[in-house]
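Here is what each chain is made of, one letter per residue.
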Amino acid sequence: MAQNNLEEALQKAKTENKTIFLNFSGSDWCRSCILLKKTILNTDEFKKFAEKNLVILDVDFPRLKKNKLSKEQTAVNESLAANYNSKGQFPTVILMNSDAKVIGKTGYKKISPKEYIDHIQSLITQ
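Residues numbered from 1 in each chain as written. Predicted model: local features only at pLDDT ≥ 70, side-chain atom pairs only at ≥ 80, totals over all residues. Heavy atoms only, no water.

### Quick notes on the pattern of salt bridges
As enumerated under the stated definition, the model contains five salt bridges in all. In this structure, Lys18 engages Glu16 in a salt bridge whose closest nitrogen and oxygen atoms are separated by 2.8 Å. With relative accessibility at 14%, the residue Lys18 sits in the buried group. Assessed through its relative accessible area of 35%, Glu16 is described here as partly exposed. Between Asp58 and Lys37 there is a salt bridge whose closest N-O contact spans 3.6 Å. With a gap of 21 residues between them, Asp58 in strand E2 (residues 54-60) and Lys37 in helix H2 (residues 31-41) connect regions that are remote in the sequence. On the basis of relative accessibility, which here comes to 22%, the residue Asp58 falls in the partly exposed class. On the accessibility criterion, Lys37 (31% relative accessible area) is partly exposed. Look at the salt bridges and you will find they share partners, linking Lys12, Glu16 and Lys18 into a network. (Salt bridge = Lys/Arg side-chain N within 4 Å of Asp/Glu carboxyl O. Buried < 20%, exposed > 50% of the residue type's maximum accessible area, 1.4 Å probe, protein only. Helix = DSSP H or I, 4+ residues; strand = E, 2+ residues; numbered from the N terminus.)

### Things to note about the environment of Phe49
Tracing the backbone through its elements, the reader meets Phe49 in helix H3 (residues 44-53). Take Phe49: its relative accessible area is 8%, and that puts it in the buried class. Once the C-alpha coordinates of Phe49 and Ile117 are considered, the two residues, 68 residues apart in sequence, prove to be 7.4 Å apart. If we ignore the near neighbours within four places in the chain, the residues touching Phe49 are Leu54, Ile117, Ile120 and Gln121. (Contact = heavy atoms within 4.5 Å.)

### With respect to the nonpolar core
Among the nonpolar cores identified, the biggest contains 15 residues, and Leu6, Ile20, Leu22, Phe24, Leu57 and Met96 are the most heavily contacted of them. When contributions to this core are tallied by element, the ones reaching two or more residues are helix H1 (6-16), strand E1 (19-25), E2, helix H4 (71-84) and strand E3 (92-96). With sequence-adjacent residues up to four places away left out, Met96 is seen in contact with Leu6, Leu10, Thr19, Ile20, Leu22, Tyr84, Lys101, Val102 and Ile103. Of all hydrophobic cores here, the second largest spans 14 residues; its members include Phe21, Leu54, Ile117 and Leu123. (Core = buried A, V, L, I, M, F, W, Y, C linked by side-chain atoms within 4.5 Å.)

### Comments concerning the packing of H3 against helix H5 (residues 113-124)
Close contact between H3 and H5 brings their axes to 9 Å; oriented N to C, the two are set at 25 degrees. In terms of their interaxial angle, H3 and H5 are classed as roughly parallel. As H3 runs across H5, the sense of the crossing is right-handed. Taking contact as the criterion, the partners of Glu45, Phe46 and Phe49 in H3 are, on H5, Pro113, Lys114, Tyr116, Ile117, Ile120 and Gln121. The residue inventory of the contact of H3 with H5, partitioned by class, reads six nonpolar, one polar and two charged. (Axes fitted to C-alpha atoms, helices over the stretch in contact; angles between N-to-C directions. Parallel < 35°, antiparallel > 145°, perpendicular 65-115°, else oblique. Left-handed = near helix turned anticlockwise from the far one by under 90°. Nonpolar A, V, L, I, M, F, W, Y, C, P; charged D, E, K, R; others polar.)

If you want it as structure tokens, here you go:
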């Protein structure tokens, strides 16, 4: 289950000894974001890996009215973007430890879920 609050995600990461997977996406307009979710994040293989190793924090910037976030959540997401995705690139995945230290950065790659997991693990263990 994805989080949407950095403080709660940090606590969970600390308690469960996991890495934070901060996913900046435009769920209803960004083609690569949609592909990342569909071909990697929503696969059983990735979900199993994430459950054991990651705290997923979704930072979404939808454009369609029907998908609009609350004002509060929009403000939270904009603040996270200012700190961790100032160039506004989508999708951007930031990996950080439980002390909020950024340990890796990636995005969408046209590879298999297994290859993506290996890629994430290589960033975590650098």
